[in-house]
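An overview of the molecular structure
Below, each chain spelled out in residue letters.
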Amino acid sequence: MLRPRYRNSNRPTSGETTLSNTTSRRARIRDRAEQAVIANASNAAARLISETAHDVRSPLTAVRESVRLVHDGDLGAINADQRSVLSDAINQCECIEHLVGEMVTLDRLRTGLPRACRSFVTVSSVRKSVDRTLRPWALPRQISVVWDGADDPNLKIFADPHALRRLIVNLVVNAIRVTRDGDCVLIELRRVRGGEAIKWTVVDQGAGISESDMVQIASRQQSLTGGEGLGLMISRQLAAMHFS
C-alpha cells in the first residue's frame with residue numbers, strides 16, 4: 001500500500017508547488033511585458049499628440065483672428081445675424097484652442113516638467129477665470145454654470161491658479177457634455193478639515209457613473225462618452241501637482 005507524502009491530503013506535493021511557482025512567474029513576466037508595450041505606445045501617442053498640437057496652434061490662431069477682424073467690423077459693416085454667426089465661429093476656435101492646449105499639457109505632465117507655482121489667490125479670481133474660459137462651451141447650449149460657496153470675496157486658497165483653472169474647466173466641460181441644453185452644472189465649494197482646506201465638487205445631471213465604470217476610467221483613461229479621457233487624465237495629474 002502506498003502511503004501519502006503528507007498526512008494532510010490538501011497539502012501540495014513538491015512537484016505541484018514547483019509548477020505553481022513557475023506558472024506564477026510566467027504570469028508576472030507576461031504582465032510586465034504587456035505593461036511595457038502599453039507604456040511605450042502611450043508615450044509615442046503622447047509625443048505625436050503634442051507635436052501635432054504645436055503644428056495646429058499657429059494656423060488656428062490666424063483663423064480666429066481673421067474671423068475676429070470681420071466680427072469687429074474692421075473690414076466693413078456687418079449685420080446682427082452675421083455678427084452672431086461669427087461669434088459662434090470664434091467660440092468654436094477657442095474651444096479647439098483649449099483642446100490644443102490640453103494636448104500640449106499632456107506631454108509636459110507625462111515628462112514631469114511642470115511644477116505647481118502655488119500662491120495665495122482669491123476664490124473669486126479663480127471663479128472669474130473659469131467662467132470666462134467656459135463661455136464657448138456653455139453659452140451656445142444655454143447651460144448655466146452655478147457656483148455655491150464661492151461668494152466670499154476675501155476667501156483665499158494656496159494653489160496654482162492656472163493649474164486649478166484648467167482642472168476645474170476640464171471637469172466642467174465633461175459635465176457640460178452630458179448635460180441637456182438649458183440645464184445647469186454646479187461647482188460647489190465646502191470647507192473641510194476644520195476650515196483648513198476647501199473641497200471642490202462639480203455636479204451635473206447626467207446618467208451617473210457606476211463603480212465598475214469608475215475603475216475602467218481610472219485604469220484605461222477612457223471616458224464614457226466615446227472619447228479617450230484626455231481631460232480626465234490631465235485633471236488627475238493637475239490635482240496631483242498640488243501635492244508634489
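Below is a short write-up of the structure. Within each chain, residue numbers correspond to sequence positions counted from 1 in written order. In keeping with the model being predicted, local features are shown solely for residues with a pLDDT of at least 70 and side-chain atom pairs are shown and tallied solely at 80 or more, while totals for entire chains, interfaces and linings include all residues. The side-chain figures draw on all heavy atoms in the structure; neither hydrogens nor water molecules are used.

Some points on the overall build of the chain
Each helix corresponds to a stretch of at least 4 residues labelled H or I by DSSP, and each strand to a stretch of at least 2 residues labelled E; elements are numbered beginning at the N terminus. The helix and strand inventory of the chain stands at six helices and five strands. Reading the chain from its N terminus to its C terminus gives the helix and strand order α-α-β-α-β-β-α-β-β-α-α. The buried label goes to any residue with under 20% of its type's maximum accessible area, the exposed label to any with over 50%, and the partly exposed label to all in between, with areas taken from a 1.4 Å probe on protein chains only. Residues classed as buried in the chain amount to 28% of the 244 residues present. A separation of at least 24 residues holds for 72% of the contacts in the chain among residues at least 6 apart in sequence. Here the open area of atoms and residues is found with the Shrake-Rupley method and a 1.4 Å probe, where only the protein chains shown may cover a residue. With an accessible surface of roughly 16200 Å², the chain has 53% of that area assigned to carbon and sulfur atoms. We call two residues in contact when some of their heavy atoms are within 4.5 Å.

Some points on the packing of aromatic side chains
By convention, a stacked pair of Phe, Tyr or Trp rings (six-membered ring in the case of Trp) has centres within 6.5 Å and planes under 30 degrees apart, an edge-to-face pair has planes over 60 apart, and any other such pair is tilted. Evaluation of the coordinates by the stated rule reveals one aromatic pair. Ring geometry for Phe120 versus Phe158: centroids 5.0 Å apart, planes at 45°, classification tilted. Taken together, the positions of Phe120 in strand E1 (residues 119-122) and Phe158 in strand E3 (residues 156-159) put the pair 38 residues apart, joining distant regions of the chain.

Examining the pairing of strand E4 (residues 184-192)
Direction of pairing for strand E2 (residues 144-148) relative to E4: parallel, over a ladder of five bridges. Within E4, the position partnered with Asp148 by the bridge is Glu188. Two strands make a pair as long as DSSP finds a minimum of two bridges between them. Across seven bridges, the pairing between E4 and strand E5 (residues 197-203) is antiparallel. The partner of Val192 across the bridge, within E5, is Ala197. What sits between E4 and E5 in their antiparallel hairpin is a turn of four residues, with Arg193 showing a positive phi close to 55°.

Considerations on helix H3 (residues 123-138)
Bend, at a single residue, is the angle you get between axes fitted to the 7 residues ending at that residue and the 7 residues starting at it. Approximately 30° is the largest bend angle found in H3, and it occurs at Arg132, with the proline Pro136 only one to four residues beyond. Where H3 is concerned, the buried positions are Val123, Val126, Ser129, Val130, Thr133, Leu134, Pro136, Trp137 and Ala138.

Here we look at the packing of H3 against helix H4 (residues 161-177)
Only the stretch in contact is used when fitting a helix axis, every axis being a line fitted to C-alpha atoms; angles between N-to-C directions are given from 0 to 180 degrees. It is the contact of H3 with H4, at a shortest axis distance of 10 Å, that shows an interaxial angle of 35°. In this structure, the crossing between H3 and H4 has a hand that is right-handed. Taking contact as the criterion, the partners of Val126, Ser129, Val130, Thr133, Leu134, Trp137 and Ala138 in H3 are, on H4, Leu164, Arg165, Ile168, Val169, Val172, Val173 and Ile176. Put simply, Ala, Val, Leu, Ile, Met, Phe, Trp, Tyr, Cys and Pro go in the nonpolar bin, Asp, Glu, Lys and Arg in the charged bin, and everything else, Gly too, in the polar bin. Each residue belonging to the contact of H3 with H4 can be placed in one class, and the counts come to 11 nonpolar, two polar and one charged. In a left-handed crossing the near helix is turned counterclockwise from the far helix by less than a right angle, and in a right-handed crossing that turn is clockwise.

Observations regarding a positive patch on the surface
Residues enter patches when they are more than 30% accessible in relative terms and free of salt bridges; like-charged ones are connected within 9 Å and nonpolar ones (Val, Leu, Ile, Met, Phe, Trp, Tyr) within 5 Å. Whenever Lys or Arg places a side-chain nitrogen within 4 Å of a carboxyl oxygen from Asp or Glu, that contact is recorded as a salt bridge. His is not counted here, nor are the chain ends, while Lys and Arg score as positive and Asp and Glu score as negative. Where a charge lies is defined by one atom per residue type: Lys uses NZ, Arg uses CZ, Asp uses CG and Glu uses CD. Together, Arg25, Arg26, Arg28 and Arg32 make up a positively charged patch on the protein surface. Residue classification places Arg26 among the exposed positions, given a relative accessible area of 59%.

So, the side chain of Asp160
Its location among the elements puts Asp160 in the loop between E3 and H4. No salt bridge is formed by the buried Asp160. Its closest oppositely charged neighbour is Arg118, at 7.3 Å. Polar side-chain contacts of Asp160 include one of 3.2 Å to the backbone nitrogen of Ala163. Contacts described as polar in this section are N or O atom pairs within 3.5 Å, which, within protein, must combine one atom able to donate a hydrogen with one able to accept it, while residues neighboring in sequence count only if both atoms come from side chains.

Quick notes on the sheet that holds E5
One open sheet holds the three strands; their spatial order is E2-E4-E5, and the pairing between them is mixed. Strands at the two margins of the open sheet, each flanked by one partner only, are E2 and E5. With strand direction ignored, the average angle separating the axes of adjacent strands in the sheet is 15°. Across the sheet, H3 touches E2, E4 and E5, and the angle it forms with E2 is around 165°.

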